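# Structure at a glance
Single-letter residue listing:
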Amino acid sequence: MQNMSIQQEKIGQLVDRRAKARLGGGEKRIAAQHEKGKLTARERLALLLDEGSFEEFDMFVQHRCTNFGMEQSHPDGDGVVTGQGTIDGRLVYVYAQDFTVSGGSLSKTMSEKICKVMDMAMRNGAPVIGLNDSGGARIQEGIDALAGYGDIFEHNILASGVVPQISGIFGPCAGGAVYSPALTDFTLMVKNTSYMFLTGPAVVKSVTGEDVDQEQLGGADVHSSKSGVADFAAENEEDGIATIKRLFSFIPQNNMETAPVRPTEDPVNRTDDLLNDIIPDNPNKAYDMYAVISSIVDDGDFFEVHRNFAKNIIVGFAHVNGRSVGVVANQPSVLAGVLDINASRKAARFVRFCDAFNIPLLTLVDVPGFLPGTQQEYGAVITNGAKLLYAYGEATVPKVTVTLRKAYGGAHIVMSCKQLRGDINYAWPTAQIAVMGADGAVNVLYGKDIKAETDPAKQEEVRAAKKAEYEELFNNPYQAAQKGYIEDVIEPRNTRFRVIRAFESLQNKRQELPAKKHDNLPL
Ligand code: HXC
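Residues numbered from 1 in each chain as written. Predicted model: local features only at pLDDT ≥ 70, side-chain atom pairs only at ≥ 80, totals over all residues. Heavy atoms only, no water.

It is worth spelling out a nonpolar patch on the surface at this point. Judged by side-chain polarity, Val435, Met436, Val444 and Leu445 come together as a nonpolar surface patch covering roughly 400 Å² of accessible area. Within the secondary structure layout, valine 435 lies in the loop between strand S16 (432–434) and helix H16 (438–452). Look at valine 435 and you get exposed, because its relative accessible area is 66%. (Patch = residues over 30% accessible without salt bridge, like charges linked within 9 Å, V, L, I, M, F, W, Y side chains within 5 Å. Areas by Shrake-Rupley, 256 points an atom, 1.4 Å probe, with all protein chains shown as cover. Salt bridge = Lys/Arg side-chain N within 4 Å of Asp/Glu carboxyl O. Helix = DSSP H or I, 4+ residues; strand = E, 2+ residues; numbered from the N terminus. Buried < 20%, exposed > 50% of the residue type's maximum accessible area, 1.4 Å probe, protein only.)

The full count for this structure, using the stated rule, is 12 aromatic pairs. Centre to centre, the rings of phenylalanine 186 and phenylalanine 353 are 4.7 Å apart; their planes meet at 70 degrees, and the pair counts as edge-to-face. Separated by 167 residues along the polypeptide, phenylalanine 186 in strand S7 (residues 186–190) and phenylalanine 353 in helix H12 (residues 341–356) bring together distant segments of the chain. Exposure class is identical for phenylalanine 186 and phenylalanine 353. Each is buried. Three or more aromatic residues joined by ring pairs form one cluster here, namely Phe186, Phe232, Phe250, Phe303, Phe317, Phe350, Phe353 and Phe357. The cationic tip of lysine 38 hangs over the ring face of phenylalanine 99; the distance from NZ or CZ to the ring centre is 4.5 Å. The ring centre of phenylalanine 248 lies 4.4 Å from the NZ or CZ of arginine 90, which sits over that ring. (Phe/Tyr/Trp six-rings, centres within 6.5 Å; stacked < 30°, edge-to-face > 60°. Lys NZ or Arg CZ within 6 Å of the ring centre and 35° of its normal.)

With that settled, the discussion passes to the sheet that holds strand S4 (residues 128–132). The mixed open sheet is built from seven strands, whose spatial order is S1-S2-S3-S4-S5-S7-S9. The open sheet terminates on both sides in strands that have one partner only, identified here as strand S1 (55–57) and strand S9 (232–234). The mean angle between the axes of side-by-side strands here comes to 20 degrees, regardless of whether they run parallel or antiparallel. Of the pairings in the sheet, the one linking S1 to strand S2 (residues 80–87) comprises three bridges and is antiparallel in character. The residue of S2 that forms the bridge with glutamate 56 is glycine 83. With respect to the sheet, helix H4 (residues 108–124) is in contact with S1, S2, strand S3 (90–97), S4 and strand S5 (165–169), its orientation differing from that of S2 by roughly 25 degrees. Relative to S7, helix H10 (residues 237–250) is tilted by about 160 degrees, and along the sheet it contacts S2, S3, S4, S5, S7 and S9. (Pairing = 2+ DSSP bridges. Axes fitted to C-alpha atoms, helices over the stretch in contact; angles between N-to-C directions. Contact = heavy atoms within 4.5 Å.)

Attention shifts here to the environment of alanine 234. Looking at where alanine 234 falls in the secondary structure, it is placed in strand S9. What makes alanine 234 buried here is its relative accessible area of 1%. When the C-alpha atoms of alanine 234 and aspartate 213 are compared, they prove to be 20 Å apart, with 21 residues separating the residues in sequence. Those residues in contact with alanine 234 that lie beyond four places of it in its chain are Leu188, Met189, Val190, Lys191, Asp239 and Gly240.

In this section: helix H14 (residues 381–394). Relative to the 20 Å expected for 14 residues at 1.5 Å per residue, H14 spans 20 Å between its end C-alpha atoms, a close match to the ideal helical length. For H14, the complete set of buried residues consists of Val381, Asn384, Gly385, Lys387, Leu388, Ala391, Tyr392 and Glu394. Summarising the contacts, the buried residues of H14 are in contact with strand S12 (323–330), H12, strand S13 (361–367), helix H13 (374–378), strand S14 (399–408) and helix H15 (409–414). (Expected span 1.5 Å × (residues − 1).)

Time to look at the site of the ligand. For the ligand, the set of nearby residues contains 19 residues, the closest of which are Arg29, Lys36, Gly103, Gly135 and Ala137. Contacts to the ligand include arginine 29, whose side-chain N or O atom sits 2.9 Å from an oxygen atom. Between the ligand and glycine 103, the relevant distance is 2.9 Å, taken from an oxygen atom to a main-chain nitrogen or oxygen of the residue. Of all the secondary structure elements, the ones that give two or more residues to the shell around the ligand are helix H5 (143–159) and strand S6 (172–174). Of all the elements, H5 adds the most residues to the shell around the ligand, at three residues. (Near = heavy atom within 4 Å. Polar contact = N/O pair within 3.5 Å; in protein donor to acceptor, adjacent residues only side chain to side chain.)

Here we take up the layout of surface pockets. In this structure, the second largest pocket encloses a volume near 340 Å³. For the second largest pocket, the lining is made up of 18 residues, of which Phe232, Ala233, Thr243, Glu304 and Arg307 are closest to its centre. If you list the elements that add at least two residues to the lining of the second largest pocket, you get helix H9 (220–227), S9, H10 and strand S10 (302–305). Take the lining of the second largest pocket: its biggest share by element is four residues, from S10. (1 Å grid on protein atoms, 1.4 Å probe; cavity = no way out; pocket = protein on both sides within 12 Å on 5 of 7 lines; lining within 4 Å. Points joined across faces, edges and corners; volume = space filled by probe spheres on them.)

Another aspect to go through is the packing of H4 against H5. The interhelical angle for the contact between H4 and H5, taken along N-to-C directions, is 10 degrees, at an axis separation of 8 Å. Judged on the interaxial angle alone, H5 and H4 are roughly parallel. Mapping the contact onto sequence places Lys108, Ser111, Ile114, Cys115, Met118, Asp119 and Met122 in H4 and Asp144, Ala147, Gly148, Asp151, Ile152, His155, Asn156, Leu158 and Ala159 in H5. Taken together, the residues of the contact of H4 with H5 break down into eight nonpolar, four polar and four charged. (Parallel < 35°, antiparallel > 145°, perpendicular 65-115°, else oblique. Nonpolar A, V, L, I, M, F, W, Y, C, P; charged D, E, K, R; others polar.)

Time to look at the nonpolar core. If you look at soluble globular proteins, the nonpolar side chains tend to sit buried side by side. Membership of the largest hydrophobic core comes to 61 residues, with the highest contact counts inside it found for Leu48, Ile129, Phe317, Val328, Leu339 and Leu388. A total of seven residues in this core trace back to one element, the largest contributor, which is H12. When near neighbours in sequence (up to four residues on either side) are disregarded, valine 328 contacts Ile313, Ile314, Val315, Ala347, Phe350, Val351, Leu361, Leu362, Thr363, Leu364, Tyr392 and Met415. Ranked by size, the runner-up nonpolar core spans 30 residues in total, among them Tyr287, Met289, Val297 and Leu364. (Core = buried A, V, L, I, M, F, W, Y, C linked by side-chain atoms within 4.5 Å.)

Here the focus is H5. Relative to the 24 Å expected for 17 residues at 1.5 Å per residue, H5 spans 24 Å between its end C-alpha atoms, a close match to the ideal helical length. Among all positions of H5, only Ala145, Gly148, Tyr149, Ile152, Phe153, His155, Asn156 and Ala159 are buried. Considered in projection along H5, the buried side chains sweep an arc of 160 degrees and stay on one side of the axis. At its buried positions, H5 is contacted by H4, S5 and helix H6 (179–183). (Arc of directions from axis to C-beta.)

Shown next as structure tokens:
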């Protein structure tokens, strides 16, 4: 064998060192990870990024801890893999915590690696995707590890509204660590293998006496349906990565750009007779808003966010004539589409994301009002409802609103009405834009007169007459149209075409907010 030159020898050492670093905590721990039904950090990144696009940074960074025997072992890269790559050719910065190295627990050097890619993302205007799988603060590092979390949180906050931030939870995420995902724009959890909670089952048991397991306390199902902490619950890791990639396809690189255009064969002027028949004669009967959304958007393709949380409102992304839009729609088939605390905060957060990242808003309205009752009032439905009102009112992206049926009272105002600077507001002929429904209005206005009638038949006669009078006057869109509160009453079957034309006209919209340090959204 020929003698190797010193240069070749050094290259060989580099190759070996890289290969070792790629093994993270070693073969045994990789096998243990697989046994749990989990992928490794690098396997996740390989699925996420375009083939061959990953460029790793800080592969040789090592922890600096000298306590509890940590000085004996300095794995290259420590417990996180960071770098850049592309998804469908678009630049993205990534980090993936490596559970095979000290359980992915966060050291100060790991936080420096993570903050570095976040700085790069902000400087270069590209989204950040973080894949979490960690035992939390590295216990041996004490305050250094906590400081590391503090640094990450501050970076999350500074990046918010500058570049999109997506968190995938692919394993444990407990204690204060949960606040990084909570500060990002979207959180995805994987069913059965991931969990998020501030304090684990043992602490819960000792403090409150409650018996609860990890899944019940902070699993993907719980957070995607009860708390709303997770926007998505994936069936498995592959599904989770695919969902993140799909989300990525609807959003722009940063707050100065628009989302990528997706060309479509779906005709702009496609009409849909189904929409002319979808509203039931009985105003108390429901219909499915999903059918309306898929009829309007390109190829019927709707990507829902928060599918299992506050189902009385639907939010998600779609394309209209190739352009990405955020859709917000009341769902009459769940709680009659009423607005409540959870629906308000779900939609408010979505509207604010779309506004921050130049994604126009399509709002479909069929809302009987806010949910009444002590539970809602004690839970601050006022403050939470105000969030949605605020979000729409401050949003300067193009806003197109279609009122399909009910738009009563404050809920009408909240759902992107004209006075909240809605750009183009349409109504179907079945719209009822009023202070309240006919029954409620007649009770308030004529309740005493009706009671004064001694004959029940006469009572019913008066009630019916007054109801008819009210419906004639208010249960239609024409009062609003006469006063210019909506731009037009449109035939339902033409909604796709009208919506697209409205958005096309708003492409160069410019609207400013008054100068301020920042707003004071009701929290
Ligand atoms: C150092 C840790 C660690 C941690 C796990 N490891 N968590 N090392 N600091 N926080 C190490 C383990 O010692 C083990 O090392 C390896 O990672 C894998 O852990 P296992 O316990 O064998 O794995 P598993 O059985 O799957 O259990 C995972 C786990 C458990 C549930 C996450 O490790 C655990 O409970 N860890 C502690 C969690 C925790 O209390 N973290 C602090 C939260 S408070 P070896 O060498 O044996 O492979 C916090 C504050 C943040 O994070 C504040 C921010 C503001």
